Amino acid sequence: MNANYVALNADIHKNKKIKEITNFEHAKNFHIASITMDEFGMASTSYPIVFLRNEDKSVSAATILGLEPEQNLFIDDAGKWTVSYIPSIVRRYPFSLVRTSPDSEEMALCVNNDKSLINDKFGIDLFKSDGSPSAQVLKVQQFLAHIHNMQYRSKEFFQLLDNIGLFSEKALEFQQDGEAKSIGGFMVIDYEKLRNLSDEDFIKLRKVDSGLECIHIHLGSLNQMQNLVRLNTIKKAK
């Protein structure tokens, strides 16, 4: 768990408030943001969607937000997100669901305990006077539960893609100021491997709800690299 995050506790936080998040400064150094299957459609309208190999060999999906490390091209100088769809992992801040221990399936609702957020006077109540969660905290719990469930479902689908052998490591190439550049460390679905799938493997994909749609959305989203180049050009011209 991040050192700044603590589990919400009625005994500790009963009379505490949390300041409303009015900007996305916390994500200004995110050059990627993980997403789940249900986000592919909306995310593809602005971002390239790629896949990452995690340390445990599992696969996750992510949007590319910048062409350089710690560069987020979708946040302006005022901390506002500049396109309509914001990845859920960004929107969940300052809350998170965290396993109570590495071997446990039990999840705890945690909050960033930064003093600039948690206080006694200003913001939204975390708990009611009787010690039960506030309406806002209940909404957060529902939102995070949805993210958690979709992460599990997405992980299973991405594992299927991996087992079938559809991923290829690829450096995404683009032109910047007339110069050929690329960024690597990602995986994409190999179109030729997809075309040459056996009937048996194709049926496996077809049985996954929205699975085939996600594949084609991912492939189409790679054209958004030029959108990032455009935003980067604008940023450098300021």
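Residues numbered from 1 in each chain as written. Predicted model: local features only at pLDDT ≥ 70, side-chain atom pairs only at ≥ 80, totals over all residues. Heavy atoms only, no water.

### Thoughts on the packing of aromatic side chains
One pass over the structure, following the stated rule, counts seven aromatic pairs. Both rings, one in Phe 40 and one in Phe 158, keep their centres 6.3 Å apart while their planes meet at 25°; by these two values the pair is stacked. You can see Phe 40 sitting in helix 2 (residues 40-43) and its partner Phe 158 sitting in helix 4 (residues 135-164), a full 118 residues away along the chain. We classify Phe 40 as buried; its relative accessible area is 1%. Owing to a relative accessible area of 2%, Phe 158 belongs among the buried residues under this scheme. Both rings, one in Phe 157 and one in Phe 158, keep their centres 6.1 Å apart while their planes meet at 50°; by these two values the pair is tilted. Aromatic ring contacts, followed pair by pair, group Phe 40, Phe 51, Phe 157, Phe 158 and Phe 167 into a single cluster. (Phe/Tyr/Trp six-rings, centres within 6.5 Å; stacked < 30°, edge-to-face > 60°. Helix = DSSP H or I, 4+ residues; strand = E, 2+ residues; numbered from the N terminus. Buried < 20%, exposed > 50% of the residue type's maximum accessible area, 1.4 Å probe, protein only.)

### Quick look at the packing of helix 4 against helix 6 (residues 199-206)
Across the interface, helix 4 lies against helix 6 with an axial gap of 11 Å and an inter-helix angle of 170°. On the basis of the axis angle, helix 4 is roughly antiparallel to helix 6. In this structure, helix 4 contributes Phe 157, Leu 160, Leu 161 and Ile 164 to the contact, and helix 6 contributes Asp 201, Lys 204 and Leu 205. Looking at the contact of helix 4 with helix 6 residue by residue, the classes come out as five nonpolar, no polar and two charged. (Axes fitted to C-alpha atoms, helices over the stretch in contact; angles between N-to-C directions. Parallel < 35°, antiparallel > 145°, perpendicular 65-115°, else oblique. Contact = heavy atoms within 4.5 Å. Nonpolar A, V, L, I, M, F, W, Y, C, P; charged D, E, K, R; others polar.)

Everything listed here is a matter of geometry and, on its own, says nothing about what the molecule does.
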